[in-house]
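# Topology and contacts: notes
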Amino acid sequence: MLNVIDNNLYIEDVSFESIAEEFGTPCYVYSKTSLVNEFTDYKVAFKDYPDTNICYSVKANSNLSILNIFNSLGSGFDIVSEGELDRVKKIGADPNKIVFSGVAKSALEIRKALEFGICFFNVESLDELEEINKIAGEMGVIARISIRVNPDIDPKTHPYISTGLKTSKFGIAIEDSYQAYQKAAKMKNIDVVGIDSHIGSQIFELQSFEDSLVRLEELYNKLIKLDLNIRYIDIGGGLGIKYKDEEMPPTKIDFANKIMKIMKKINCNLVLEPGRSLVGNSGFLVTKVLYNKRSNEKNFLIVDAGMNDILRPSLYGAYHKVTKSVQSSDNEDFYDVVGPICETGDVISYDTPLNDVKLGDNLIIHSAGAYGSVMSSNYNSRPKVPEILVSGKDSYLIRKKETIDQILQNEVVVK
Ligand SMILES: *Cc1c(COP(=O)(O)O)cnc(C)c1O
(Lines give C-alpha, C1' and ligand atoms only; values in the text may rest on other atoms or scores of the structure.)
Protein backbone atom coordinates (compact mmCIF):
# COMPACT_ATOMS: atom_id res chain seq x y z
CA MET A 1 0.00 0.00 0.00
CA LEU A 2 2.95 2.36 0.65
CA ASN A 3 5.37 3.26 -2.14
CA VAL A 4 8.20 5.74 -2.51
CA ILE A 5 8.41 7.51 -5.86
CA ASP A 6 11.04 10.24 -6.33
CA ASN A 7 11.50 10.36 -2.55
CA ASN A 8 7.77 10.99 -2.05
CA LEU A 9 5.78 8.62 0.13
CA TYR A 10 2.60 7.40 -1.57
CA ILE A 11 -0.47 5.69 -0.15
CA GLU A 12 -1.68 3.55 -3.05
CA ASP A 13 -1.26 5.92 -6.05
CA VAL A 14 -1.63 9.18 -4.15
CA SER A 15 1.24 11.07 -2.51
CA PHE A 16 0.83 12.25 1.07
CA GLU A 17 2.06 15.65 -0.12
CA SER A 18 -0.89 15.99 -2.47
CA ILE A 19 -3.29 14.89 0.27
CA ALA A 20 -1.87 17.50 2.68
CA GLU A 21 -2.21 20.13 -0.01
CA GLU A 22 -5.76 19.22 -0.99
CA PHE A 23 -7.29 18.52 2.41
CA GLY A 24 -5.02 20.40 4.83
CA THR A 25 -3.32 19.07 7.95
CA PRO A 26 -3.79 17.37 10.27
CA CYS A 27 -5.86 14.70 8.52
CA TYR A 28 -6.40 10.96 8.78
CA VAL A 29 -5.85 8.94 5.60
CA TYR A 30 -6.89 5.32 4.98
CA SER A 31 -6.06 2.86 2.20
CA LYS A 32 -9.12 1.06 0.88
CA THR A 33 -6.99 -1.67 -0.66
CA SER A 34 -5.36 -2.36 2.67
CA LEU A 35 -8.74 -2.50 4.48
CA VAL A 36 -10.06 -4.94 1.87
CA ASN A 37 -6.89 -7.06 2.08
CA GLU A 38 -6.98 -7.31 5.87
CA PHE A 39 -10.60 -8.47 5.83
CA THR A 40 -9.95 -10.89 2.98
CA ASP A 41 -6.98 -12.33 4.92
CA TYR A 42 -9.35 -13.19 7.77
CA LYS A 43 -11.83 -14.76 5.36
CA VAL A 44 -9.10 -16.84 3.70
CA ALA A 45 -7.64 -17.88 7.07
CA PHE A 46 -11.03 -19.24 8.20
CA LYS A 47 -12.20 -20.48 4.79
CA ASP A 48 -12.47 -24.11 5.93
CA TYR A 49 -14.97 -22.93 8.53
CA PRO A 50 -17.51 -21.00 6.47
CA ASP A 51 -19.84 -20.55 9.42
CA THR A 52 -17.36 -18.18 11.05
CA ASN A 53 -18.96 -14.78 11.58
CA ILE A 54 -16.41 -11.96 11.48
CA CYS A 55 -17.95 -9.09 13.44
CA TYR A 56 -15.76 -6.03 12.98
CA SER A 57 -15.37 -4.20 16.29
CA VAL A 58 -16.85 -0.83 15.37
CA LYS A 59 -15.14 1.04 18.19
CA ALA A 60 -11.70 0.65 16.55
CA ASN A 61 -12.74 2.98 13.73
CA SER A 62 -16.39 3.77 13.20
CA ASN A 63 -16.28 5.94 10.08
CA LEU A 64 -19.35 5.08 7.96
CA SER A 65 -17.31 4.53 4.79
CA ILE A 66 -15.07 2.04 6.57
CA LEU A 67 -18.10 0.21 7.99
CA ASN A 68 -19.59 0.22 4.51
CA ILE A 69 -16.48 -1.38 3.00
CA PHE A 70 -16.52 -4.19 5.56
CA ASN A 71 -20.29 -4.62 5.17
CA SER A 72 -19.93 -5.08 1.44
CA LEU A 73 -17.31 -7.79 2.08
CA GLY A 74 -19.78 -9.71 4.26
CA SER A 75 -18.66 -8.53 7.67
CA GLY A 76 -20.87 -8.45 10.72
CA PHE A 77 -20.38 -5.92 13.50
CA ASP A 78 -19.59 -5.87 17.20
CA ILE A 79 -21.16 -2.75 18.71
CA VAL A 80 -20.98 -1.23 22.19
CA SER A 81 -23.43 1.70 22.17
CA GLU A 82 -26.60 3.21 20.75
CA GLY A 83 -24.45 5.43 18.54
CA GLU A 84 -22.64 2.45 17.05
CA LEU A 85 -25.99 0.71 16.52
CA ASP A 86 -27.20 3.75 14.55
CA ARG A 87 -24.00 3.69 12.50
CA VAL A 88 -24.38 0.06 11.42
CA LYS A 89 -28.10 0.59 10.71
CA LYS A 90 -27.21 3.55 8.53
CA ILE A 91 -24.96 1.46 6.28
CA GLY A 92 -27.58 -1.29 5.97
CA ALA A 93 -25.95 -3.97 8.13
CA ASP A 94 -27.70 -7.31 8.53
CA PRO A 95 -29.12 -7.51 12.10
CA ASN A 96 -28.35 -11.25 12.11
CA LYS A 97 -24.65 -10.43 12.01
CA ILE A 98 -24.60 -7.94 14.89
CA VAL A 99 -23.46 -8.67 18.42
CA PHE A 100 -23.77 -6.11 21.23
CA SER A 101 -20.92 -6.00 23.78
CA GLY A 102 -20.07 -3.60 26.61
CA VAL A 103 -20.39 -3.48 30.40
CA ALA A 104 -23.14 -0.90 30.72
CA LYS A 105 -25.92 -1.28 28.18
CA SER A 106 -28.72 1.11 29.04
CA ALA A 107 -32.43 0.25 28.87
CA LEU A 108 -32.75 2.38 25.75
CA GLU A 109 -29.84 0.59 24.07
CA ILE A 110 -31.27 -2.83 24.91
CA ARG A 111 -34.68 -1.83 23.56
CA LYS A 112 -33.29 -0.42 20.33
CA ALA A 113 -31.12 -3.48 19.74
CA LEU A 114 -34.07 -5.82 20.34
CA GLU A 115 -36.21 -3.78 17.95
CA PHE A 116 -33.52 -4.12 15.30
CA GLY A 117 -33.29 -7.86 15.94
CA ILE A 118 -29.55 -8.28 16.57
CA CYS A 119 -27.96 -11.73 16.67
CA PHE A 120 -27.18 -11.66 20.40
CA PHE A 121 -26.12 -9.56 23.40
CA ASN A 122 -22.87 -10.34 25.18
CA VAL A 123 -24.07 -10.09 28.78
CA GLU A 124 -21.52 -8.88 31.33
CA SER A 125 -23.36 -9.11 34.68
CA LEU A 126 -26.36 -10.76 36.37
CA ASP A 127 -28.03 -7.37 36.79
CA GLU A 128 -27.75 -6.80 33.07
CA LEU A 129 -29.17 -10.26 32.35
CA GLU A 130 -32.24 -9.42 34.43
CA GLU A 131 -32.62 -6.06 32.73
CA ILE A 132 -32.54 -7.65 29.27
CA ASN A 133 -35.05 -10.32 30.34
CA LYS A 134 -37.38 -7.63 31.72
CA ILE A 135 -37.21 -5.40 28.65
CA ALA A 136 -37.66 -8.34 26.26
CA GLY A 137 -40.72 -9.35 28.32
CA GLU A 138 -42.21 -5.85 28.05
CA MET A 139 -41.66 -5.92 24.31
CA GLY A 140 -43.03 -9.44 23.92
CA VAL A 141 -39.83 -10.74 22.28
CA ILE A 142 -37.15 -13.27 23.14
CA ALA A 143 -33.63 -11.87 23.60
CA ARG A 144 -30.73 -14.01 22.40
CA ILE A 145 -27.75 -13.76 24.72
CA SER A 146 -24.33 -15.14 25.36
CA ILE A 147 -22.51 -14.56 28.62
CA ARG A 148 -19.14 -12.88 28.54
CA VAL A 149 -16.98 -15.05 30.74
CA ASN A 150 -13.71 -13.96 32.18
CA PRO A 151 -11.30 -16.88 31.71
CA ASP A 152 -8.59 -15.31 33.92
CA ILE A 153 -5.97 -15.32 31.19
CA ASP A 154 -3.06 -12.90 31.15
CA PRO A 155 -2.52 -12.02 27.48
CA LYS A 156 0.75 -10.22 28.37
CA THR A 157 -0.28 -6.95 26.83
CA HIS A 158 -0.54 -3.40 28.22
CA PRO A 159 -2.53 -3.42 31.50
CA TYR A 160 -4.98 -0.84 30.10
CA ILE A 161 -5.92 -3.16 27.24
CA SER A 162 -5.86 -6.42 29.18
CA THR A 163 -9.45 -7.38 29.86
CA GLY A 164 -9.57 -11.08 30.76
CA LEU A 165 -7.98 -11.10 34.22
CA LYS A 166 -9.90 -11.83 37.41
CA THR A 167 -9.42 -8.23 38.52
CA SER A 168 -10.90 -6.78 35.33
CA LYS A 169 -14.30 -5.08 35.29
CA PHE A 170 -15.35 -7.10 32.25
CA GLY A 171 -17.44 -10.24 32.11
CA ILE A 172 -18.36 -12.82 34.76
CA ALA A 173 -15.62 -14.96 36.33
CA ILE A 174 -15.65 -18.30 34.52
CA GLU A 175 -16.15 -20.23 37.76
CA ASP A 176 -19.30 -18.18 38.49
CA SER A 177 -20.59 -18.34 34.96
CA TYR A 178 -22.18 -21.81 35.27
CA GLN A 179 -24.59 -20.43 37.86
CA ALA A 180 -25.28 -17.42 35.67
CA TYR A 181 -26.12 -19.77 32.78
CA GLN A 182 -28.45 -21.77 35.05
CA LYS A 183 -30.24 -18.53 35.95
CA ALA A 184 -30.43 -17.45 32.33
CA ALA A 185 -31.80 -20.85 31.32
CA LYS A 186 -34.83 -20.29 33.56
CA MET A 187 -35.61 -16.81 32.28
CA LYS A 188 -38.77 -16.64 30.16
CA ASN A 189 -37.62 -14.04 27.66
CA ILE A 190 -34.05 -15.18 27.23
CA ASP A 191 -32.64 -17.62 24.67
CA VAL A 192 -29.11 -18.60 25.70
CA VAL A 193 -27.21 -19.03 22.45
CA GLY A 194 -23.52 -18.62 23.18
CA ILE A 195 -20.36 -18.24 25.20
CA ASP A 196 -18.33 -15.05 24.81
CA SER A 197 -14.90 -13.84 25.88
CA HIS A 198 -12.51 -11.05 24.96
CA ILE A 199 -9.20 -11.22 26.78
CA GLY A 200 -7.50 -8.04 25.62
CA SER A 201 -5.96 -6.20 22.73
CA GLN A 202 -2.65 -6.06 20.82
CA ILE A 203 -1.99 -9.73 21.72
CA PHE A 204 1.06 -11.42 20.21
CA GLU A 205 0.93 -14.75 22.07
CA LEU A 206 -1.45 -17.14 20.31
CA GLN A 207 -1.14 -19.40 23.34
CA SER A 208 -3.32 -16.92 25.29
CA PHE A 209 -6.16 -17.41 22.80
CA GLU A 210 -5.74 -21.17 22.98
CA ASP A 211 -5.69 -21.21 26.81
CA SER A 212 -8.81 -19.09 26.87
CA LEU A 213 -10.63 -21.24 24.32
CA VAL A 214 -9.76 -24.42 26.22
CA ARG A 215 -11.57 -22.96 29.24
CA LEU A 216 -14.56 -22.04 27.07
CA GLU A 217 -14.60 -25.61 25.76
CA GLU A 218 -14.74 -27.00 29.30
CA LEU A 219 -17.62 -24.67 30.07
CA TYR A 220 -19.37 -25.65 26.82
CA ASN A 221 -19.18 -29.32 27.77
CA LYS A 222 -20.83 -28.56 31.10
CA LEU A 223 -23.49 -26.34 29.55
CA ILE A 224 -24.72 -28.77 26.93
CA LYS A 225 -25.83 -31.01 29.79
CA LEU A 226 -28.10 -28.15 30.93
CA ASP A 227 -30.20 -28.60 27.82
CA LEU A 228 -29.17 -25.22 26.46
CA ASN A 229 -28.95 -24.70 22.73
CA ILE A 230 -25.48 -23.13 22.72
CA ARG A 231 -24.62 -22.45 19.09
CA TYR A 232 -22.04 -19.64 19.11
CA ILE A 233 -18.55 -19.37 20.56
CA ASP A 234 -17.42 -15.74 20.45
CA ILE A 235 -13.70 -15.35 21.14
CA GLY A 236 -13.66 -11.55 20.87
CA GLY A 237 -10.90 -9.58 19.19
CA GLY A 238 -7.37 -8.78 20.25
CA LEU A 239 -5.00 -10.01 17.56
CA GLY A 240 -1.93 -7.74 17.61
CA ILE A 241 -0.43 -5.72 14.77
CA LYS A 242 3.03 -4.44 13.87
CA TYR A 243 3.72 -0.93 15.17
CA LYS A 244 7.51 -1.19 15.25
CA ASP A 245 9.41 -2.45 12.20
CA GLU A 246 11.03 -5.23 14.24
CA GLU A 247 7.75 -6.58 15.63
CA MET A 248 6.38 -9.85 14.28
CA PRO A 249 2.71 -10.31 15.15
CA PRO A 250 1.12 -13.69 14.44
CA THR A 251 -0.43 -14.07 11.00
CA LYS A 252 -4.16 -14.47 10.65
CA ILE A 253 -3.55 -17.99 9.30
CA ASP A 254 -1.57 -19.00 12.40
CA PHE A 255 -4.31 -17.47 14.53
CA ALA A 256 -7.02 -19.38 12.65
CA ASN A 257 -5.15 -22.68 12.90
CA LYS A 258 -4.71 -22.30 16.64
CA ILE A 259 -8.39 -21.50 17.14
CA MET A 260 -9.72 -24.17 14.82
CA LYS A 261 -7.75 -26.92 16.51
CA ILE A 262 -10.11 -26.51 19.47
CA MET A 263 -13.22 -25.32 17.66
CA LYS A 264 -13.28 -28.65 15.77
CA LYS A 265 -14.25 -30.28 19.04
CA ILE A 266 -17.13 -27.88 19.66
CA ASN A 267 -20.31 -28.04 17.64
CA CYS A 268 -20.78 -24.27 17.37
CA ASN A 269 -20.38 -21.37 14.96
CA LEU A 270 -17.36 -19.22 15.63
CA VAL A 271 -17.74 -15.46 16.13
CA LEU A 272 -14.72 -13.15 15.92
CA GLU A 273 -14.63 -9.48 16.90
CA PRO A 274 -11.42 -8.11 15.35
CA GLY A 275 -10.83 -4.37 15.48
CA ARG A 276 -7.21 -3.26 15.43
CA SER A 277 -6.06 -6.11 13.16
CA LEU A 278 -8.52 -4.98 10.46
CA VAL A 279 -7.88 -1.24 10.47
CA GLY A 280 -4.73 -0.38 12.45
CA ASN A 281 -2.12 -0.53 9.73
CA SER A 282 -4.43 0.85 7.03
CA GLY A 283 -4.53 4.36 8.51
CA PHE A 284 -2.14 7.31 8.85
CA LEU A 285 -2.25 10.73 10.44
CA VAL A 286 -0.64 13.50 8.40
CA THR A 287 0.67 16.46 10.37
CA LYS A 288 2.73 19.54 9.55
CA VAL A 289 5.86 20.75 11.33
CA LEU A 290 5.13 24.20 12.76
CA TYR A 291 8.22 24.92 14.82
CA ASN A 292 11.51 23.45 15.97
CA LYS A 293 12.62 24.36 19.49
CA ARG A 294 16.08 23.25 20.47
CA SER A 295 17.72 23.56 23.85
CA ASN A 296 20.67 21.83 25.49
CA GLU A 297 18.29 19.24 26.89
CA LYS A 298 15.72 18.71 24.19
CA ASN A 299 15.06 18.99 20.51
CA PHE A 300 11.33 19.49 20.07
CA LEU A 301 9.50 19.30 16.80
CA ILE A 302 6.17 21.03 17.34
CA VAL A 303 3.50 19.78 14.92
CA ASP A 304 -0.12 20.70 14.23
CA ALA A 305 -1.59 17.38 15.48
CA GLY A 306 -1.88 16.80 19.21
CA MET A 307 -3.16 14.35 21.80
CA ASN A 308 -6.70 15.51 21.01
CA ASP A 309 -6.18 14.04 17.51
CA ILE A 310 -4.21 10.93 18.48
CA LEU A 311 -4.45 9.95 22.14
CA ARG A 312 -2.70 6.57 22.17
CA PRO A 313 0.84 7.81 22.88
CA SER A 314 -0.37 9.94 25.82
CA LEU A 315 -2.89 7.39 27.13
CA TYR A 316 -0.88 4.17 26.84
CA GLY A 317 2.63 5.38 26.09
CA ALA A 318 1.99 3.73 22.73
CA TYR A 319 4.60 3.84 20.00
CA HIS A 320 3.77 5.11 16.51
CA LYS A 321 6.37 5.20 13.79
CA VAL A 322 6.85 8.72 12.41
CA THR A 323 8.43 9.43 9.03
CA LYS A 324 8.59 12.33 6.65
CA SER A 325 6.29 12.51 3.66
CA VAL A 326 9.25 13.55 1.50
CA GLN A 327 12.06 11.17 2.34
CA SER A 328 15.73 12.07 2.64
CA SER A 329 18.84 10.39 4.00
CA ASP A 330 20.78 13.54 4.94
CA ASN A 331 21.18 15.41 8.22
CA GLU A 332 19.65 12.88 10.57
CA ASP A 333 18.62 14.22 13.95
CA PHE A 334 16.49 13.03 16.87
CA TYR A 335 13.35 14.85 17.91
CA ASP A 336 10.56 14.69 20.45
CA VAL A 337 7.54 15.20 18.23
CA VAL A 338 5.02 17.14 20.32
CA GLY A 339 1.59 18.66 19.72
CA PRO A 340 0.13 22.09 20.44
CA ILE A 341 -1.96 21.04 23.47
CA CYS A 342 -1.22 22.60 26.85
CA GLU A 343 -0.22 19.33 28.51
CA THR A 344 3.26 17.95 29.17
CA GLY A 345 1.92 14.53 28.10
CA ASP A 346 1.11 15.81 24.62
CA VAL A 347 3.98 13.91 23.01
CA ILE A 348 3.45 11.87 19.86
CA SER A 349 6.88 10.28 19.66
CA TYR A 350 10.09 10.53 21.69
CA ASP A 351 13.63 10.53 20.22
CA THR A 352 12.35 10.20 16.69
CA PRO A 353 15.01 9.88 13.99
CA LEU A 354 14.18 12.18 11.06
CA ASN A 355 16.24 13.54 8.18
CA ASP A 356 16.48 17.06 6.86
CA VAL A 357 13.51 18.45 8.74
CA LYS A 358 12.36 21.91 7.73
CA LEU A 359 9.45 24.00 8.97
CA GLY A 360 6.35 23.21 6.91
CA ASP A 361 7.36 19.60 6.23
CA ASN A 362 4.63 17.01 6.51
CA LEU A 363 5.13 14.08 8.87
CA ILE A 364 3.30 10.78 8.63
CA ILE A 365 2.22 9.02 11.81
CA HIS A 366 1.89 5.36 10.90
CA SER A 367 -0.46 2.60 12.14
CA ALA A 368 -3.07 5.17 13.14
CA GLY A 369 -6.15 3.44 11.69
CA ALA A 370 -7.32 1.87 14.97
CA TYR A 371 -8.22 3.82 18.11
CA GLY A 372 -7.02 6.99 16.37
CA SER A 373 -9.76 9.24 15.04
CA VAL A 374 -12.37 7.55 17.27
CA MET A 375 -10.51 8.64 20.40
CA SER A 376 -10.10 12.22 19.26
CA SER A 377 -11.61 15.03 21.31
CA ASN A 378 -12.20 18.77 21.25
CA TYR A 379 -9.69 19.46 24.03
CA ASN A 380 -8.37 23.01 23.72
CA SER A 381 -11.49 23.63 21.55
CA ARG A 382 -9.79 22.10 18.56
CA PRO A 383 -12.08 20.79 15.81
CA LYS A 384 -11.87 17.11 14.82
CA VAL A 385 -9.77 16.64 11.72
CA PRO A 386 -10.95 15.41 8.31
CA GLU A 387 -10.69 11.78 7.21
CA ILE A 388 -9.75 10.72 3.68
CA LEU A 389 -10.08 7.37 1.95
CA VAL A 390 -7.65 6.56 -0.85
CA SER A 391 -8.43 3.96 -3.49
CA GLY A 392 -5.95 3.69 -6.35
CA LYS A 393 -5.53 7.16 -7.84
CA ASP A 394 -8.64 8.53 -6.14
CA SER A 395 -9.02 10.17 -2.76
CA TYR A 396 -12.37 10.80 -1.10
CA LEU A 397 -13.25 13.01 1.84
CA ILE A 398 -15.09 10.59 4.15
CA ARG A 399 -15.41 13.00 7.04
CA LYS A 400 -15.36 16.76 6.74
CA LYS A 401 -13.31 18.83 9.10
CA GLU A 402 -15.39 19.87 12.08
CA THR A 403 -16.07 23.61 12.42
CA ILE A 404 -15.71 25.74 15.54
CA ASP A 405 -19.43 26.54 15.21
CA GLN A 406 -20.20 22.81 15.49
CA ILE A 407 -18.13 22.63 18.67
CA LEU A 408 -20.03 25.55 20.20
CA GLN A 409 -23.52 24.76 18.97
CA ASN A 410 -24.82 22.90 22.03
CA GLU A 411 -23.55 25.34 24.58
CA VAL A 412 -25.76 27.89 26.28
CA VAL A 413 -24.58 31.14 27.80
CA VAL A 414 -26.42 31.70 31.10
CA LYS A 415 -26.26 35.22 32.48
C1 LIG B 1 -12.24 -3.59 21.85
C2 LIG B 1 -12.95 -4.86 21.71
C3 LIG B 1 -12.74 -5.67 20.58
C4 LIG B 1 -11.72 -5.36 19.52
O5 LIG B 1 -10.43 -5.52 20.01
P6 LIG B 1 -9.15 -5.40 19.02
O7 LIG B 1 -8.00 -5.57 19.93
O8 LIG B 1 -9.20 -4.06 18.42
O9 LIG B 1 -9.25 -6.49 18.02
C10 LIG B 1 -13.51 -6.82 20.46
N11 LIG B 1 -14.42 -7.18 21.39
C12 LIG B 1 -14.63 -6.42 22.50
C13 LIG B 1 -15.65 -6.85 23.49
C14 LIG B 1 -13.91 -5.25 22.70
O15 LIG B 1 -14.11 -4.52 23.81
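Rules of the game
- Residues numbered from 1 in each chain as written.
- Predicted model: local features only at pLDDT ≥ 70, side-chain atom pairs only at ≥ 80, totals over all residues.
- Heavy atoms only, no water.
- Helix = DSSP H or I, 4+ residues; strand = E, 2+ residues; numbered from the N terminus.
- Buried < 20%, exposed > 50% of the residue type's maximum accessible area, 1.4 Å probe, protein only.
- Contact = heavy atoms within 4.5 Å.
- Near = heavy atom within 4 Å.
- Polar contact = N/O pair within 3.5 Å; in protein donor to acceptor, adjacent residues only side chain to side chain.
- Areas by Shrake-Rupley, 256 points an atom, 1.4 Å probe, with all protein chains shown as cover.
- 1 Å grid on protein atoms, 1.4 Å probe; cavity = no way out; pocket = protein on both sides within 12 Å on 5 of 7 lines; lining within 4 Å.
- Sits in = over half its atoms within 2 Å of the grid points.
- Nonpolar A, V, L, I, M, F, W, Y, C, P; charged D, E, K, R; others polar.
- Phe/Tyr/Trp six-rings, centres within 6.5 Å; stacked < 30°, edge-to-face > 60°.
- Lys NZ or Arg CZ within 6 Å of the ring centre and 35° of its normal.
- Domains from an automatic or database assignment.
- Buried area = accessible area lost by both parts, 1.4 Å probe.
- Salt bridge = Lys/Arg side-chain N within 4 Å of Asp/Glu carboxyl O.
- Patch = residues over 30% accessible without salt bridge, like charges linked within 9 Å, V, L, I, M, F, W, Y side chains within 5 Å.
- Pairing = 2+ DSSP bridges.

### A look at the environment of Phe 255
Within the secondary structure, Phe 255 is located in helix α9 (residues 252-263). For Phe 255, a relative accessible area of 4% gives the class buried. For the pair formed by Phe 255 and Asn 299, sequence separation is 44 residues and the distance between their alpha carbons is 42 Å. Look past the residues within four positions of Phe 255 in its chain and what remains in contact with it is Tyr 42, Phe 46, Leu 206, Phe 209, Ile 235, Leu 239 and Leu 272.

### So, the site of the ligand
Near the ligand, the surroundings consist of 14 residues, among which Lys 59, Ser 201, Glu 273, Arg 276 and Tyr 371 are the closest. In the environment of the ligand, an oxygen atom lies 2.7 Å from a nitrogen or oxygen atom belonging to the backbone of Arg 276. Separating an oxygen atom of the ligand from a side-chain N or O atom of Tyr 371 is a distance of 2.6 Å. Out of a free accessible area of 390 Å², the ligand has 93% covered by protein chains. Here the ligand occupies the largest pocket. When the residues that make up the shell around the ligand are grouped by side-chain class, the tally is 2 nonpolar, 7 polar and 5 charged.

### Here we look at the packing of aromatic side chains
Applying the stated criterion to the full structure yields 9 aromatic pairs. Judged by centre distance (5.8 Å) and plane angle (35°), the ring pair of Phe 39 and Phe 70 falls under tilted. With Phe 39 in helix α2 (residues 32-45) and Phe 70 in helix α3 (residues 64-72), the pair connects residues that are 31 residues apart, well separated along the chain. Grouping residues by exposure puts Phe 39 and Phe 70 together as buried. Arranged with centres 5.0 Å apart and planes meeting at 80°, the rings of Phe 209 and Phe 255 form a pair that is edge-to-face. Highlighted residues: Phe 209 in helix α8 (residues 206-223) and Phe 255 in helix α9, separated in sequence by 46 residues. Both residues of the pair, Phe 209 and Phe 255, belong to the buried class. One aromatic cluster is present, built from ring pairs that chain together Tyr 42, Phe 46, Phe 209 and Phe 255. Geometry around Tyr 178 places Lys 222 over its ring, the cationic atom sitting 5.1 Å from the centre. The lysine or arginine in question, Lys 244, covers the ring of Tyr 319, its NZ or CZ lying 5.3 Å from the ring centre.

### Quick word on the domain arrangement of the protein
One can read the domain layout of the protein as domain 1 (2-30 + 280-408) and domain 2 (32-276). In this complex, domain 1 contributes 23 residues to the contact, which on the side of domain 2 involves 22 residues. Considering only the surface of domain 1 that becomes buried against domain 2, Tyr 316, Tyr 319 and Tyr 371 emerge as the three largest contributors, covering 28% of it. Joining domain 1 to domain 2, the criterion identifies 1 salt bridge. Where the side of domain 1 that touches domain 2 is concerned, the elements lending two or more residues are α11 (312-316), β20 (387-391) and β21 (394-399). The leading source of residues in the side of domain 1 that touches domain 2 is β20, at 4 residues. Its residues assigned to classes, the side of domain 1 that touches domain 2 comprises 10 nonpolar, 8 polar and 5 charged.

### A few points about a nonpolar patch on the surface
Residues Leu 290, Tyr 291 and Leu 359 make up a contiguous nonpolar surface patch of roughly 310 Å² in combined accessible area. Within the secondary structure, Leu 359 sits in the loop between β18 (347-355) and β19 (362-365).

### Re unusual backbone geometry
Omega for the bond connecting Thr 25 with Pro 26 falls within 30 degrees of zero, at -10°, which places this linkage in the cis form. Mapped onto the fold, Pro 26 is located in the loop between α1 (16-23) and β4 (27-31). Phi is positive for Asp 356, which is not a glycine, with a value near 55°. Of note, Tyr 371 is a non-glycine position whose phi angle comes to about 55°, a positive value. Take Tyr 371: it is sitting in the loop between β19 and β20.

### A closer look at the pairing of β19
What you see with β19 is no split at all: Asn 362 and Ile 364 on one side and Leu 363 and Ile 365 on the other are buried throughout. As paired strands, strand β16 (residues 322-324) and β19 are joined by 3 bridges and run antiparallel to one another. Following the sheet pairing, Val 322 is matched in β19 by Ile 365.

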